[in-house]
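Given next are the chains, with one letter for each unit.
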Amino acid sequence: MEVLDEVRNWGVRCAQCGVCNAFYTLYLPSCPPGTKFQFEGYFASGKMLIGRGLQQGALSLEDEDVLERIYTCTACRACDENCGGLPKEHIVEVIEALRQMAVSQGCLIPAHTFVLDSLKKNDNVLDKPKEERGAWAEGLGLKDVTREKADVVYHAGCMLSSDREIRGAARDAIALLKQAGVDVGIAGKEEACCGGRVYEMGYLGEFTKYAEHNLETYNRAGASKLIVSCSDCCSHFKLLYPKINAKMNFEVLHIVEYLDQLTKEGRIKFTKKVPMKVTYHDPCHLGRYNGIYEAPRDILHRIPGLELVEMERSRKYSWCCGAGAGVKEAYPDFSLWTANERIKEAKATGARALVTCCPWCERNFRDAIKEYGEKIEVYDIAEIARKAA
């Protein structure tokens, strides 16, 4: 479907009922930009009207206000979850189509062009040297799947490969896999970005290039499974890669899916107590995009001594962390405000720690804690599981 057809098809069918603007069963806010800025154009319903205006020529993408409303969306899909009148995913697909229109017309967000330049130069979106991509795995003795075969390939992703403060989540994930006797390898410095982040910014061509490269690399490795710790990577491999009609010879699993499977099989046993009260944050790309809600909770429930308490907005009604779809790069203050709203909700449960399973969520939560001076610990679920194994 052409971009304008995408906008035309769904834009004219939106009834402007406003149900997408809040979790209607909870009567609580669901849309980060709409809640923050309190103008219709920032809500999903307003963006559908903007799409119609652009398609009909009444609005222009050269208008910075129009661009801001399109690009402050975190693509969390809370609006799609709430919409009762049309099929799921249609709202975010329209917003992504509008972003592709903007890129094709040269109406670019400066912070996003920096991300794109980093990707072209370093194969990652965080402007880190390509040769350091596999440094997080030093001393782990992992196979290099560009040189030898492994049954399972672990894809760390840009954030865990680059961020020294949180890369322990990747090392803990590998430790758990090795404890279970999994034959696992990595692509090391040859690993590249999944491409999904620039897709969400509107750069379809660059995404396709990286999708084709990664499929070629991992198909050649001969692995049966590709395991990822990044919820964004998981979603992009599972949902976006099939759109380019290239062959995928391996199964894609998020680490929580695989750990859940391995613990059920008895290959990983949680024998150590972790006396901690925690609450769990559902990453949008893992939850609303892929419907993975129970596996992380089942893992946490199996850990001796750990108490899991739920936030008021959880599972498909979770509030976004604020880091997605290029928002953290282009609108950092708004991104941190969104994260802090979630942190306050987590603290209200009385939990000592906030647990999630996406490095983009974890990074944004940590940054918001520093910015706002909040007091709560943040962990990746692999770190908690490692404490118990």
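Our subject in this report is the structure included herewith.

Under the counting rule described, the total for this entry stands at 10 aromatic pairs. Measuring from ring centre to ring centre gives 5.1 Å for tyrosine 199 and phenylalanine 207, while their planes differ by 65°; the resulting arrangement is edge-to-face. Here the two residues tyrosine 199 and phenylalanine 207 agree in accessibility, since each one is buried. Judged by centre distance (6.2 Å) and plane angle (90°), the rings of tyrosine 218 and phenylalanine 250 are edge-to-face. Taken together, the residues tyrosine 218 in helix H11 (residues 204-221) and phenylalanine 250 in the loop between helix H12 (231-240) and strand S7 (251-254) connect sequence positions 32 residues apart.

A few words now on the pattern of salt bridges. The final tally for this structure, using the stated rule, is 28 salt bridges. Between glutamate 165 and lysine 370 there is a salt bridge; the shortest N-O distance is 3.5 Å. Pair noted here: glutamate 165 is in the loop between helix H8 (157-162) and helix H9 (168-179) and lysine 370 is in helix H17 (residues 359-372), with a separation of 205 residues, a long-range link. Residue class for glutamate 165 comes out partly exposed when judged on its relative accessible area of 40%. For lysine 370, a relative accessible area of 57% corresponds to the exposed category. With its nearest N and O atoms 3.6 Å apart, the salt bridge here joins arginine 315 to glutamate 310. Judged by its relative accessible area of 30%, arginine 315 falls in the partly exposed class. Accessibility expressed as a relative area gives 31% for glutamate 310, which makes it partly exposed. Through salt bridges with shared partners, a single ionic network connects Asp163, Glu165, Lys328, Glu362, Arg363, Arg366, Asp367 and Lys370.

The subject of this paragraph is the nonpolar core. In terms of nonpolar packing, the biggest core is built from 101 residues, with Trp136, Tyr154, Phe237 and Leu300 touching the most fellow members. Contact partners of tyrosine 154, with chain neighbours within four places excluded, come to Trp136, Leu160, Ala170, Ala173, Ile174, Val184, Gly185, Ile186, Glu191, Ile227 and Ser229. Residues Ile91, Ala102, Ile109 and Val327 belong to the second largest nonpolar core, which totals 32 residues.

So, on to unusual backbone geometry. Look at aspartate 123: it is not a glycine, yet its phi comes out positive at around 65°. Note on placement: aspartate 123 falls in the loop between helix H7 (110-122) and strand S3 (143-144). Among the residues examined, aspartate 123 registers a relative accessible area of 17% and is labelled buried. One non-glycine residue, alanine 325, adopts positive backbone phi at about 60°. By secondary structure assignment, the location of alanine 325 is in the loop between strand S9 (306-309) and helix H15 (327-330). For alanine 325, a relative accessible area of 1% gives the class buried.

Cut-offs and rules
Each chain has its residues counted from 1, running along the sequence as written. Where local features are concerned, this predicted model is filtered to residues with pLDDT of at least 70; where side-chain atom pairs are given and counted, the filter is 80 or more; whole-chain, interface and lining totals use all residues. To get the side-chain values, take all heavy atoms of the structure and skip hydrogens and water. By convention, a stacked pair of Phe, Tyr or Trp rings (six-membered ring in the case of Trp) has centres within 6.5 Å and planes under 30 degrees apart, an edge-to-face pair has planes over 60 apart, and any other such pair is tilted. The buried label goes to any residue with under 20% of its type's maximum accessible area, the exposed label to any with over 50%, and the partly exposed label to all in between, with areas taken from a 1.4 Å probe on protein chains only. Here a helix means four or more residues in a row that DSSP labels H or I, a strand means two or more in a row labelled E, and each is numbered from the N terminus. Salt bridges are defined as contacts in which a side-chain nitrogen from Lys or Arg sits within 4 Å of a carboxyl oxygen from Asp or Glu. Definition of nonpolar core: a set of buried residues of the types Ala, Val, Leu, Ile, Met, Phe, Trp, Tyr and Cys, connected through side-chain atoms within 4.5 Å. Between two residues, a contact is recorded if the distance between any of their heavy atoms is within 4.5 Å.

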